[in-house]
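Summary of structural features
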Amino acid sequence: MFSAASHKSRIIGAVPRSFRRSCVWTTRHLSSKPIGSELEEYSDEVLDDDGEWAGCSRKFMAPLRIAARGPDILVNPLFNKGTAFKSGERDRLRFRGLLPPRVSNLEKQKERILFTVRAEESAIKKNIILEDVHDRNETLYHRILVDHIEEMAPLIYTPTVGQACKEFGTRYRRPRGMYFCEEDRGHMAAMVYNWPASDVHVICVTDGSRILGLGDLGANGMGIPIGKLSLYCAAGGIAPHRVLPVVIDVGTDNEELLHDPFYLGIQQKRTKGPAYYQLVDEFMQAVKFRWPNVLIQFEDFSSDKAQKLLNKYRDEFLCFNDDIQGTGATTLAGVLGALRAKNEDVTNLGNQRILIAGAGSAGIGVATVLRDAMMEQGYSKEDAKNTFFVADEKGLLGKERISELSSEQAMFARDTDGGMSLLDIVKKYKPTTLLGMTAVGGLFKEELIREMAKHCERPIIFPLSNPTTKAECTAEQAFDWTDGKCIFASGSPFDPVEMDDGKVFYPTQCNNMFIFPGLGLGATICGAKKVTDRMLYVAAEALANFVTKEELSQGKVFPHISNIRTVSQKVAVAVIKEAIRDNQASKLHEKDIANLEEFVISKMYDPIYVPLVEKREIML
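Just so it is clear, the model here is predicted, and its values are computed rather than measured. Starting afresh in each chain, residues are numbered from 1 along the sequence in its written order. Per-residue local features are limited, in this predicted model, to residues with pLDDT of at least 70; the limit for side-chain atom pairs, both in listing and counting, is 80 or more; totals at the level of whole chains, interfaces and linings are taken over all residues. Excluded from the side-chain calculations are hydrogens and water; all other atoms, namely the structure's heavy atoms, are used.

Should DSSP find at least two bridges between two strands, the strands are regarded as paired. Numbering of helices and strands runs from the N terminus; a helix is a DSSP stretch of H or I covering at least four residues, while a strand is a stretch of E covering at least two. One open sheet holds the seven strands; their spatial order is 9-8-7-10-11-12-15, and the pairing between them is mixed. Taken across any chain shown, the strands that pair with only one partner, and hence form the sheet edges, are strand 9 (395-396) and strand 15 (508-509). Across four bridges, the pairing between strand 7 (residues 354-357) and strand 10 (residues 433-436) is parallel. Paired with I354 across the two strands is T433, which belongs to strand 10.

Here it is as C-alpha cells:
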C-alpha cells in the first residue's frame, strides 16, 4: 500500500490517500465489484501499453493547482516532472517545445538515473548525480530513495556525506535551505518569510562546529541538514515542501577554511559567549513565530554547546538533539536487541556493565538515555548510574576532575580509578558492552577486544563513530578477535564477514535514521508541544521490537534498511501514543485515535506524479 499526505499538504507527490499512482511500469488491474452485468465494462482498468500513456493509468487523480506556468515550472524541483509531462500538460501549462518530444514516465526516468549512478564507481560522483536530480526533480529523487533506500542511503548520507561536506564550496550549484549569521541580527523575524513554503514541519539546523567525526566545517556543514531531511522525506514520509535545512554561520576555527578562496561561509573566527547564544535565540524565536508547530532538530553542534542549547529550549520548543537523544535512542534499541540475541530479558539492562569510549555530547547522551531506560524498568538512579564507565582521552571520568566536567559528564564520574585506561577498565570491571563515540579510527585494539571476550561470553561491541574511517574498529576485526562471539553494530555500514569455518555474520548499522524520521513524523502530525524522554524510550522500544528472531540469529540487532518506512510508521505510532498519554496530542481527533496505524500511513508522503493545472483568477 502506498501512503500519502493530507489534502492540505498536496504538492507533487503528496496526494489524498484515496488516489493511487497514475504512472507505474508494471501492468496492474484496479479491483472493483460490479453489481450486474451492465457494469462489467467498469470492472477492471488495464494500464495503457503504448504511446505517451504507456505504463500509466488514466484513472481520475485530483490535480494540483499551482501559480507557476511555462518555463518556471520546469526549473521548480517541486513541480517539475521533466520528460514525464504528457502532451496535454505541455499545452495546458504553456511549455510545449521546451522538452524533448518523447514522453517518459516515472519508472523509466528512475531506470535511467539508476543506470547512470551504477555506471560510476566513485561514491562521491554517485552523490553528485543524485543531488543533481534532487535539484531539478524532487519527486523522482525521493522515488529513487524510497524504492532503493539500502543502495542510496550511504550515498546521500553517511559515509559519503562527509566528503560532500568537505567539497561543498567547490561544487555548490544552487540555493537549498537558509543561512543565518551575525549580520542578520535584528532581521531574522522578517528573513524567515523569504522562505517560500508556508507550512514547514521540520527544520534541521547546524552551526557546522562538529560535522560527523570531521570537526569544524563551518558553512560547509549544510550538507548534513540536506542529507538528514532527505531521509525525513524518504524514510519518514514528510513531504519535501515541509522541510527546511538551516546553517547558523558564526564563522569557523578551521584554519584551512579561513584561507580557502572557495569557502562560502564567513571567514572569521567563531563567535563565542553571549553573542553566540543571542544569535541562536533570535533564530529560534523567528522560526517559531512563523511556524509555531515546527519541529527543530539540532544537528552536529560541538559538545560544549549541544547540551546547553538542548537544556534551554527543550521545554519551550518542539525540538531535540539528534546527536544526543537520537543516537541515545538508537543505541538503546540496539542494546535491547543485543540482549534478546543473548536470550536475556530486556529488563536485564540495568545488570549490564557498560563501557563508553567518548565523553562528548554523543557519549553522554547515550549514557543518559540508557540510564533513563534502566530507571523506566525499575532500577534506582544510583544503581543505574553505577553500571556505566565513561572514558575520554584522559581515561575514566573520575570525581577528581569534577571541576573541569560539565554537569552532565559529572553525573557519570566515578569515585575511584579516575584516569584508568580502556584496557585496564576492561581488565578490572569486565564490561559486557563496549560503545565507541570518539571519532578515533582504530581505537579498539586487538588486545582490548580479546580481553573483553575473555570475561564475557557474547560481548556487545558498537563502534559508532562516522564516517567509516573514524570507526573504532571494523566488523571483521570485532568478529575475528572474539572468534565470532560478539554482537556487533556500527555507525557506518560494513560488509558481511565470513569466518574461517564458513559462518557468515551480517553486521547492522546503528543508524539514527531508524529513529529520527519516525520521531519527527509522529511528533508533528499529532501536534506535540515538546519531545519528552519517554517519547525517546518508546521509540527505541518500537524499533527494538521490530527486529525478528531470524535477524537476531544472524547477528543483526537492527531491521533491514529496506523496511525503514514501516519502522518509521511503528516509531511514529509509539510516539503518538505517548503524546496522547501525556495530553500532548493537540491535533488528533477521536476518529484518528481509533486507528492510529492507518492514520499515520495516511499522513506519509509518497513520491508520485500528479496532474498540474495553472491557478488562474477569473475577473467578472
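After presenting the structure, the write-up continues.
What makes a nonpolar core is a set of buried Ala, Val, Leu, Ile, Met, Phe, Trp, Tyr and Cys residues whose side-chain atoms join them at distances within 4.5 Å. Accessible area is worked out with a 1.4 Å probe on protein chains only. A residue is then buried under 20% of its type maximum, exposed over 50%, and partly exposed in between. Counting 113 residues, the largest nonpolar core has L332, I356, F388 and V600 as its most contacted members. Setting aside chain neighbours within four positions, we find L332 in contact with L349, V369, L370, A373, Y537 and A540. One finds M191, V192, Y313 and C319 within the second-largest nonpolar core, a separate group that totals 33 residues. Note on definitions: a residue-residue contact is assigned when non-hydrogen atoms from the two residues lie within 4.5 Å.

This brings us to empty space enclosed by the protein. Every definition here rests on a 1 Å grid over the protein atoms only: cavities are sets of points where a 1.4 Å probe fits but cannot get out, pockets are open sets enclosed by protein on both sides within 12 Å along at least five of seven lines, and lining residues have some atom within 4 Å of a point. Grid points are joined across faces, edges and corners, and a volume is the space filled by probe spheres set on the points. This structure, assessed with the given rule, holds four cavities of 30 Å³ or more. In this structure, the largest cavity occupies an estimated 280 Å³ of space. Elements represented by at least two residues in the lining of the largest cavity include exactly helix 4 (123-136), helix 7 (160-166) and helix 9 (223-236). Of the residues in the lining of the largest cavity, the class split is nine nonpolar, three polar and six charged. Only Asp, Glu, Lys and Arg are considered charged, only Ala, Val, Leu, Ile, Met, Phe, Trp, Tyr, Cys and Pro nonpolar, and every remaining residue, Gly among them, polar.

The next thing to look at is the confidence of the model for the protein chain. pLDDT expresses how confident the predictor is about each individual residue, on a scale running from 0 to 100. Within the protein chain, residue pLDDT values average 90, and 91% of them lie at 70 or more. In this model residues 1-37 is a low-confidence stretch, pLDDT under 50, and it forms 118 contacts with partners more than four residues away in sequence or in other chains.

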